[in-house]
Amino acid sequence: MVDLSADVTLSKQPARVSAILAFARSNIFFVIAATVVAIFVLSAVFAPLVAPHPPLDQDMAAFMSPPLTESHVLGTDSFGRDLLSRTIYGARYALAIGFGAVLIGAMGGLIIGMAAGLSGGVTEWALMRFIDALLALPSLIMAIAFISILGQGVDKVILAVGVALIGPFSRTVRADVLQIKAQAFVEAAGLMGVKRLAIIWRHILPNVIFPLAVQATIRVSYAVLVSSGLSFLGIGVAPPTPDWGLMIAEGRSFVSFAPWIAGVPGTALAILLIALSIVGDGVREHFDPKLRK
Amino acid sequence: MLLFAAGKVLQTLMVLLIVSVVSFTLLKLAPGDPIQIMLGTENSPEAYASLMKQLGLDRPMVEQYFHWLKNFVTGDWGVSYVGKAPIFQYAFVEALPVTLTLAASALALSILIGVPLGVLSATRRGSGWDAITSVFTLTGTSFPSFYLGILLIWLFGVKLGLFPTMGFVAPWNDFWGGVAHMTLPAITLSIYFLAMIVRMTRANLIEVLEQPYIAAARARGEPNWRVVWVHGLRNILMPLVTILGLQLGALLQGAVLTETVFSLPGIGQMITNAVLNREYGIVQAGVMITACLFITTNLLVDLAYPYLDPRLRPR
């Protein structure tokens, strides 16, 4: 009976709203995860309004105070800086680096993958071996190698992680290009005398961009993980930036008597990564016909 | 068969050669003049010129590359400026065994626990056990390993005092000491693989158990354990080995982070310290070792297929 009345109220709403509600009910984990990601994004954007203290302010009266101390809800670190505020500001760095790196990786992958898929002969062979070489190194190791040349800093981390992601992106783009190139509509356009560049621009590119966007959503969490890993190693973002990886590394030394210093940013990072991967999986399942139930 | 193997080996060598060209070029692009760094305070134009000639840096780039490649292959990797020790010795004798011990323990742990867990949740699909496992796999594949390591140090090292939390003891010198020191790092590194293996085993086994030959085995009256653990498992070996090969890169990069959490003097620590000290020669050695490990394992996976699946044996 209760269910029936719920259906009645639903049917009174416009069709689009009820469709969204139906989607939300069958994908409850996706909705929760998307909400969590949205909260992180919003608190990153409005960090100065949300955070109770500036991220670099030192409270001389409260070094390493545990969570729930007065005026420091989640405690302070070894410099007396408010952990909640630093974690909120840290979301800015994590998300900016994650999205920035994925953007660079996807652009690079698009260019190299398209070139490898569209060219033939020696060029294609050379590009394929180049992609193989890019894939021969795990992303973190490759990012470390680039960091050793570029130096430390937020912009350099974005660049290093972005370049490290080009390999996997270009492989999927090439596979998509090969598949689309063989389709009848591309052949038809060619027979109709449409110029090769126009075919690439109007028929192949739009069909490659969409799966690439889906891939990009999935890889954001990986980019966040790799970049925070770099900062954790002490070679990514430089202190005193409120970067989560850096904060976790600082907290590691105090784990025996002040575990919250690593615990607060670590938990934030873990929650964001889990939420991002649920969102990524959801997007992929929704748009990949092979995975649809 | 031999032709197939030879082709694969050749392709692997080709990729390694390209990796070496790329990493050599990057090394040359690195900022800072190695001669300046090596000379330190005793800098004079004559000393500079003689060292440049001695190191062969006045030669053309292509010649320098082949010279470097020859030295690399013969194990002459140069000397660390900071440690004043041969890099080859440092990388192969000191650092690599630590990383390999860590990676092997983590891999063994995740296979020994992951496969049975995956089988259990595949045969009890939809049960409470299956639900718990799926939450675990989701968390395990996206949890940051270095934070997990710190949590384990806090729980098992600080609170319970069960395991040492730092340093490496070689298990071939002191077996139980080595095992104790390796327990927390191995768990930290294995979680991602464990979750991955559980997920892969479950998904593939569910598919295999719906095949006609499984129904045939059941119809013959074979006991359930034999159907699942012999007929079922034999047929998911292929995808399992594939995913292990592909994920070896994740194992190596996870090892870098785990080594830093637990202060293990392996390849990861070696590369990280080299970046901080601007020792590009060591960074390059680390990059080449990682690439060799990764590519060789994938080659072994490719070569193993015909043994795992008779259908792939060339006739």
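Quick notes on the rules
- In this convention, every chain numbers its residues from 1, walking through the sequence in written order.
- Ligands are numbered from 1 and chains lettered from A, in the order in which they are written.
- Where local features are concerned, this predicted model is filtered to residues with pLDDT of at least 70; where side-chain atom pairs are given and counted, the filter is 80 or more; whole-chain, interface and lining totals use all residues.
- The helix and strand labels rest on DSSP assignments: H or I over at least four residues marks a helix, E over at least two residues marks a strand, and numbering proceeds from the N terminus.
- Each residue is classed by its C-beta neighbour count within 10 Å, where at least 20 other C-beta atoms makes it buried, 12 or fewer makes it exposed, and intermediate counts make it partly exposed; the C-beta atoms are placed from backbone geometry.
- Any two residues are considered in contact once their C-beta atoms, placed from the backbone, lie within 7 Å.
- Fitted lines through C-alpha atoms serve as axes, helices being fitted only where they are in contact, and the angles separating the N-to-C directions of these axes extend from 0 to 180 degrees.
- Note that the term roughly parallel is reserved for angles under 35 degrees, roughly antiparallel for angles over 145, roughly perpendicular for angles of 65 to 115, and oblique for everything else.
- Should the near helix be turned counterclockwise from the far one by less than a right angle, the crossing is left-handed, whereas a clockwise turn marks it as right-handed.
- When residues are sorted by character, Ala, Val, Leu, Ile, Met, Phe, Trp, Tyr, Cys and Pro go into the nonpolar class, Asp, Glu, Lys and Arg into the charged class, and all the rest, Gly among them, into the polar class.
- An expected span of 1.5 Å times one less than the residue number is assigned to each helix.
- By definition, a residue's bend is the angle between the axes fitted to the seven residues ending there and the seven starting there.
- By our criterion, buried Ala, Val, Leu, Ile, Met, Phe, Trp, Tyr and Cys residues that link up through C-beta atoms within 7 Å make up a nonpolar core.
- For every residue, the pLDDT score states the predictor's confidence, bounded by 0 at the bottom and 100 at the top.

With that settled, the discussion passes to the overall build of chain A. Helix and strand content of chain A: 13 helices and zero strands. In chain A, the succession of helices and strands from N to C terminus is α-α-α-α-α-α-α-α-α-α-α-α-α. With respect to the three principal axes, the spread of C-alpha positions in chain A is 80 × 65 × 30 Å. Buried residues in chain A amount to 42% of all 293 residues.

So, about the overall build of chain B. Helix and strand content of chain B: 13 helices and zero strands. If you list the helices and strands of chain B from N to C, you get α-α-α-α-α-α-α-α-α-α-α-α-α. Each of the three principal axes of chain B carries a C-alpha extent, and together these read 85 × 60 × 35 Å. Evaluated residue by residue, chain B yields a buried proportion of 34% over its 315 residues. The contacts of chain B with a sequence gap of at least 6 include a subset with a gap of at least 24, amounting to 71%.

This part is about the packing of helix 6 (residues 121-135) of chain A against helix 9 (residues 166-181) of chain A. All names here are of chain A. Closest axis-to-axis distance for the helix 6/helix 9 pair is 8 Å, and the angle between their directions is 140 degrees. As the angle between them shows, helix 6 and helix 9 are arranged oblique. As helix 6 runs across helix 9, the sense of the crossing is left-handed. Of helix 9, the residues touching helix 6 (which contributes Ile131, Leu134 and Leu135) are Ile166, Gly167, Pro168, Ser170 and Arg171. Broken down by class, the residue content of the contact of helix 6 with helix 9 amounts to five nonpolar, two polar and one charged.

Cis geometry is adopted by the peptide bond preceding Pro240 of chain A, which originates at Pro239 of chain A and carries an omega value of 5 degrees. Mapping Pro240 of chain A onto the fold places it in the loop between helix 11 (196-233) and helix 12 (244-252). Residues other than glycine seldom take positive phi values, yet Ser263 of chain B does so here, at roughly 50 degrees. Along the chain, Ser263 of chain B falls in the loop between helix 11 (248-261) and helix 12 (267-277). Classification of Ser263 of chain B as partly exposed rests on a count of 13 C-beta atoms within 10 Å.

With that out of the way, let us pick up the interface of chain A and chain B. With 35 residues of chain A at the contact, the number on the chain B side is 40 residues. At eight residues, helix 7 (residues 139-150) of chain A tops the list of elements feeding residues into the side of chain A that touches chain B. Looking at the side of chain A that touches chain B residue by residue, the class counts come to 23 nonpolar, nine polar and three charged.

Helix length check: helix 5 (residues 87-123) of chain B, at 37 residues, gives a terminal C-alpha distance of 51 Å against a target of 54 Å (1.5 Å per residue), a fit within 8%. At Ala95 of chain B, helix 5 of chain B shows its largest kink, close to 45 degrees, and the proline Pro97 of chain B lies no more than four residues downstream.

In this section: the environment of Val154 of chain A. Residues and elements named next belong to chain A. Among the structural elements, Val154 can be located in helix 8 (residues 154-164). Placed 57 residues apart in sequence, Val154 and Ile97 show a C-alpha to C-alpha distance of 7.3 Å. Sequence-distant contacts of Val154, defined by excluding residues within four places in its chain, comprise Tyr93, Ile97 and Val237.

What follows concerns the nonpolar core. Of all hydrophobic cores here, the largest spans 138 residues; its most connected members are Ala143, Ile144 and Val161 of chain A. Once residues lying within four places of it in the same chain are set aside, the contact partners of Val161 of chain A are Ile97, Ala101, Ala143, Ala223, Val226 and Ser227 of chain A.

Predicted confidence across chain B gives a mean pLDDT of 83, with 93% of residues reaching 70 or more. The ipTM value of the predicted complex is 0.83, and its pTM value is 0.85.

Next up on the list: the environment of Ile267 of chain B. Here Ile267 of chain B is to be found in helix 12. Among all residues touching Ile267 of chain B, those that are not within four sequence positions of it are Ala95, Leu96, Thr99, Gly286 and Ile289 of chain B.

Further remarks concern the environment of Asp82 of chain A. Residues and elements named next belong to chain A. With respect to the helices and strands, the residue Asp82 is situated in the loop between helix 4 (47-50) and helix 5 (83-118). Residue classification places Asp82 among the buried positions, given that 27 C-beta atoms sit within 10 Å. On a C-alpha basis, the gap between Asp82 and Pro54 in space is 8.1 Å, while along the polypeptide they are 28 residues apart. Beyond its immediate stretch of four places on either side in the chain, Asp82 contacts Pro52, His53, Asp57, His72 and Thr76.

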